[in-house]
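Architecture and fold: a report
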Amino acid sequence: MALEIESADVIRLVLQYFKENNLPRTFSTLQEETGITLNTVDSIESFTSDINNGHWDTVLIAIQSLKLPDNKLIDLYEHIVLELIELRELSAARSLLRQTDPMIMLKQLQPDRYIHLETLLARSYFDPREAYPEGSSKERRRAAIAQALAGEVSVVPPARMLALLGQALKWQQHQGQLPPGTSIDVFRGKAAVKDEEEEKYPTQLSRTIKFGGKSHPECCKYSPDGQYLVTGTLDGFIEVWNFTTGKIRKDLRYQAQEQFMLMDDAVSCMNFSRDSEMLATGSQDGRIKVWKIQAGQCLRRFEKAHSAGVTCITFSRDGSQLLSASFDQTIRIHGLKSGKTLKEFRGHTSFVNEAQFTADGHTIISASSDGTVKVWSLKSTENLNTFKPALGSSASEITVNSIHLLPRNTEQFVVCNRTNTVSIMNMQGQIVKSFSSGKRQGGDFVCCTLSPRGEWIYCVGEDHVLYCFSVSTGKLERTLTVHEKEVIGISHLPHQNLIATFSEDGTLKLWKP
């Protein structure tokens with residue numbers, strides 16, 4: 001259902017902004033030209049209390065910006081004149097009676113009532129019985145006026161326009177329309193153009209994180225907002241790190257108390273929701289857990305997500321579903337709300353190593369150890385297309401390790417398979433560009449990642465070497481030995497030139513230009 005916003009409400013938001021920022025002339029001009037009034041007070045209780053207690057200076061200031069019915073304004077001013085006469089503040093009473101719009105209007109509409117006030121003003125004494133009709137009194141008149149005016153005004157939270165803009169930007173960020181961690185140009189509806197860090201390949205080690213005992217990281221992910229670096233280890237621990245210092249994040253209370261997020265088996269994969277608030281983790285025993293990262297609290301468990309280890313996991317765009325792939329050769333979609341498996345995609349004949357939603361949200365793309373990349377209909381679960389990225393006679397057995405949608409051209413994706421070549425393919429299965437390590441022995445790639453804007457492809461080979469390919473030139477620009485033992489994976493920080501590699505040697509290393 002489409003939400004319709006009344007144009008009058010937009011004017012009121014602007015009026016409130018003018019009022020709060022002390023722009024009275026601009027405020028009254030807009031109110032006059034549009035015929036739309038704000039009619040808000042900071043507090044109805046304070047407003048009526050001021051009337052009931054006769055704080056008329058405060059009341060008169062408050063009503064300056066209000067549009068009130070003529071009859072109610074006349075009642076208010078008449079009563080203030082009466083009270084000023086009673087207090088013998090005769091010059092103030094005379095000014096109010098003869099020089100204010102409501103009293104001039106009273107003189108024209110109800111001359112008898114006006115003459116009555118002039119008579120009381122001319123007397124040398126004040127008699128309440130003359131001033132107030134039978135059965136009424138000063139207090140009762142105050143209460144009646146307070147009640148009448150309270151019905152004409154409302155209370156709105158302060159800075160309403162700025163609050164709504166903030167909520168809208170938060171939602172756009174949540175939807176991925178605004179990159180996190182950037183300042184926003186609200187007027188143009190874009191992230192403010194800041195000096196984007198030029199994407200550069202790494203050349204040196206920044207930090208090393210060592211894991212104790214016989215454990216090592218099996219997976220690692222940066223959050224989309226660049227706040228968290230999280231690892232999942234062979235012994236089931238999920239830990240959040242400060243990637244600047246290379247130490248455990250103690251500002252998260254649960255980690256400071258040595259209470260870590262935990263799986264029953266090795267953590268095989270993980271991924272964040274778009275807003276970076278939820279983390280999903282999959283394990284070698286086929287289970288999935290969803291965590292609230294800030295609290296370390298488990299929000300949802302899928303005990304039988306798969307019948308074998310979970311190889312990859314990703315959130316849907318709106319964060320309501322999880323897409324997972326497994327060694328059990330299937331791809332599944334799970335509902336976060338229901339806690340149930342909603343769909344299953346079957347067709348691969350070996351391990352499914354990766355599955356991702358495509359940018360249009362209508363299809364899923366997957367990579368498998370059967371040597372194929374498949375495209376699936378999200379709606380019907382039907383296999384729409386099958387590609388074999390590897391060339392040559394034994395191509396069918398060559399494992400496809402991973403696929404990566406290009407950030408700036410979502411019709412193309414990078415395919416990393418167990419060869420010395422990484423390729424860019426389009427959605428029709430054609431190879432657009434290829435990049436090779438040039439090594440005949442030991443140069444087959446085991447893992448791959450892209451730079452945030454897709455200008456660089458980083459692959460790690462069986463030889464523990466990081467190969468840095470420039471997408472624009474098509475050249476291998478740099479190589480770097482990153483570990484001593486087999487490299488398990490690689491991850492790139494979303495907004496900085498910082499790459500994490502992790503290995504069976506029990507370390508996670510952070511690399512910088």
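Provided above is the structure to which this section pertains.
Residues numbered from 1 in each chain as written. Predicted model: local features only at pLDDT ≥ 70, side-chain atom pairs only at ≥ 80, totals over all residues. Heavy atoms only, no water.

**Regarding the pattern of salt bridges**
Going by this rule: Whenever Lys or Arg places a side-chain nitrogen within 4 Å of a carboxyl oxygen from Asp or Glu, that contact is recorded as a salt bridge.
Under the counting rule described, the total for this entry stands at 20 salt bridges. Each of Asp 75, Glu 78, Arg 113 and Arg 141 takes part in one network of salt bridges that share partners.

**A closer look at the packing of helix α6 (residues 90-99) against helix α8 (residues 111-122)**
Filter applied, for reference: Lines are fitted to the C-alpha atoms to define the axes, a helix being fitted only along its stretch in contact, and any angle between axes, read from their N-to-C directions, falls within 0 to 180 degrees. Helix numbering and strand numbering both begin at the N terminus, where a helix is a DSSP run of H or I of at least 4 residues and a strand a DSSP run of E of at least 2. For classification purposes, an angle smaller than 35 degrees is called roughly parallel, one larger than 145 roughly antiparallel, one from 65 to 115 roughly perpendicular, and anything else oblique. Working rule for handedness: look at the near helix, and if it is turned counterclockwise from the far one by less than a right angle, call the crossing left-handed; if clockwise, right-handed. Whether two residues are in contact is decided by their heavy atoms, any of which lying within 4.5 Å being enough. In this classification, the charged set is Asp, Glu, Lys and Arg, the nonpolar set is Ala, Val, Leu, Ile, Met, Phe, Trp, Tyr, Cys and Pro, and all remaining amino acids, among them Gly, are polar.
Look at α6 against α8: their axes get within 11 Å of each other, and the N-to-C directions meet at 165 degrees. By the criterion of interaxial angle, the relationship of α6 to α8 is roughly antiparallel. Relative to α8, the crossing made by α6 is left-handed. Residue-level contacts link Leu 90, Ala 93, Arg 94, Leu 97 and Arg 98 of α6 to Tyr 114, Leu 117, Glu 118 and Leu 121 of α8. Here the residues of the contact of α6 with α8 sort into 6 nonpolar, no polar and 3 charged.

**Remarks on unusual backbone geometry**
Where we set the bar: Under the scheme applied here, a residue whose accessible area is under 20% of the maximum for its type counts as buried, over 50% as exposed, and between as partly exposed, the area being computed with a 1.4 Å probe on protein chains only.
One non-glycine residue, Glu 258, adopts positive backbone phi at about 60 degrees. Relative to the assigned elements, Glu 258 resides in the loop between α12 (253-256) and β8 (261-262). Positive phi values are uncommon outside glycine, yet Ser 276 reaches one of about 65 degrees. Assignment of secondary structure puts Ser 276 in the loop between β9 (267-272) and β10 (278-283). Exposure remark for Ser 276: the relative accessible area of 3% places this residue in the buried category.

**A few points about the sheet that holds strand β15 (residues 330-335)**
Our working definition: Two strands make a pair as long as DSSP finds a minimum of two bridges between them.
A sheet is described by the order of its strands in space; here 4 strands give the open sequence β13-β14-β15-β16, paired in antiparallel fashion. At either margin of the open sheet sits one strand with a lone partner, and together these are β13 (310-315) and β16 (341-346). For this sheet the average axis-to-axis angle between neighbouring strands, irrespective of direction, equals 20 degrees. In this sheet, β15 lies alongside strand β14 (residues 321-326) in antiparallel orientation, the contact comprising 5 bridges. Along β15, the bridge assignment pairs Leu 323 with Ile 333.

**Topic: the packing of helix α3 (residues 44-52) against helix α4 (residues 56-63)**
The interhelical angle for the contact between α3 and α4, taken along N-to-C directions, is 135 degrees, at an axis separation of 8 Å. The pairing of α3 with α4 is recorded here as oblique in orientation. In the packing of α3 onto α4, the handedness of the crossing is left-handed. Across the interface between the two elements, Phe 47, Asp 50 and Ile 51 from α3 touch Trp 56, Thr 58, Val 59, Ala 62 and Ile 63 from α4. By residue class, the composition of the contact of α3 with α4 is 6 nonpolar, 1 polar and 1 charged.

**Brief notes about a nonpolar patch on the surface**
Rules: What goes into a patch is any residue over 30% in relative accessible area without a salt bridge, connected to like charges within 9 Å or, for nonpolar side chains (Val, Leu, Ile, Met, Phe, Trp, Tyr), within 5 Å. Residue burial considers only the protein chains on display, and all accessible areas are found by Shrake-Rupley using a 1.4 Å probe.
Taken together, the side chains of Tyr 17, Leu 162, Leu 165 and Val 186 make up a nonpolar region of the molecular surface, amounting to roughly 330 Å² of accessible area. Counting through the fold element by element, Val 186 comes out in the loop between β1 (184-185) and β2 (190-191). The exposure class of Val 186 is partly exposed, given its relative accessible area of 43%.

**What to know about the packing of aromatic side chains**
Defined as follows: Ring pairs are drawn from Phe, Tyr and Trp, using the six-membered ring of Trp, whenever the two centres fall within 6.5 Å, and their geometry is named by plane angle: stacked under 30 degrees, edge-to-face over 60, tilted for the rest.
A complete count under the given rule lists 11 aromatic pairs for this structure. Between Tyr 201 and Trp 456, the aromatic rings sit 5.2 Å apart at their centres with planes inclined by 75 degrees, giving edge-to-face as the arrangement. Residue Tyr 201 is found in the loop between β2 and β3 (204-210), and its partner Trp 456 is found in strand β26 (residues 456-461); the two are separated by 255 residues along the sequence. According to the relative accessible area criterion, Trp 456 is buried, its value standing at 10%. What links up through ring pairs into an aromatic cluster is the set Phe 435, Phe 445, Tyr 467 and Phe 469.

**A look at the side chain of Thr 100**
Note that Thr 100 resides in the loop between α6 and α7 (101-109). Those residues within four positions of Thr 100 in sequence are excluded, and the remaining contacts are Tyr 77 and Ser 95.

**Digging into the sheet that holds strand β20 (residues 383-387)**
Read from one edge of the open sheet, 4 strands run β17-β18-β19-β20, paired in antiparallel fashion. One side of each edge strand has no neighbouring strand; the edge strands of this open sheet are β17 (352-357) and β20. Ignoring strand direction, the axes of neighbouring strands in this sheet form an average angle of 20 degrees. Strand direction decides the pairing type here: β17 and strand β18 (residues 363-368), joined by 5 bridges, are antiparallel. Opposite Val 352, over in β18, you have Ser 368 as the bridge partner.

**Topic: the side chain of Arg 141**
Secondary-structure assignment places Arg 141 in helix α10 (residues 138-150). Note on Arg 141: relative accessible area 16%, which makes it buried. Excluding its chain neighbours within four sequence positions, the residues that come into contact with Arg 141 are Asp 75, Glu 78, His 79, Leu 82, Tyr 132 and Ser 136.

**Describing α10**
Spelled out, the test is: Multiplying 1.5 Å by the residue count of a helix minus one yields the expected span of that helix. What the arc measures is the spread of directions leading from the helix axis to the C-beta atoms.
The end-to-end C-alpha distance of α10 is 18 Å, a good match for the 18 Å that 13 residues give at a rise of 1.5 Å each. Of the residues making up α10, those classed as buried are Arg 141, Arg 142, Ile 145, Ala 146, Leu 149 and Ala 150. Each buried residue of α10 lies within a common arc of 160 degrees when the element is viewed along its axis, so the set occupies one face. Facing away from the buried side of α10 by over 90 degrees, the exposed positions are Arg 140 and Gln 147. Buried-residue contacts for α10 involve α3, α4 and α5 (70-86).

**A closer look at the environment of Gln 321**
In this fold, Gln 321 is placed in strand β14. The exposure class of Gln 321 is partly exposed, given its relative accessible area of 28%. As for Gln 321 and Ile 63, which are separated by 258 residues in sequence, their C-alpha atoms are 52 Å apart. Leave out the neighbours within four places in its chain, and Gln 321 touches Thr 314, Phe 315, Ser 316, Ile 333, His 334, Leu 336 and Leu 342.

**Some words on the nonpolar core**
Nonpolar side chains tend toward joint burial in soluble globular proteins. What counts, and what does not: Take the buried residues of types Ala, Val, Leu, Ile, Met, Phe, Trp, Tyr and Cys, join any two whose side-chain atoms come within 4.5 Å, and each joined set is a nonpolar core.
Membership of the largest hydrophobic core comes to 34 residues, with the highest contact counts inside it found for Phe 47, Ile 51, Ile 63, Leu 76, Val 81 and Met 103. Counting only elements with at least two residues in this core, the list comes to α3, α4, α5, α6, α7, α8 and α10. No other element matches the 9 residues that α5 contributes to this core. Residues in contact with Ile 63, not counting those within four places in the same chain, are Phe 47, Leu 68, Leu 73, Leu 76 and Tyr 77.

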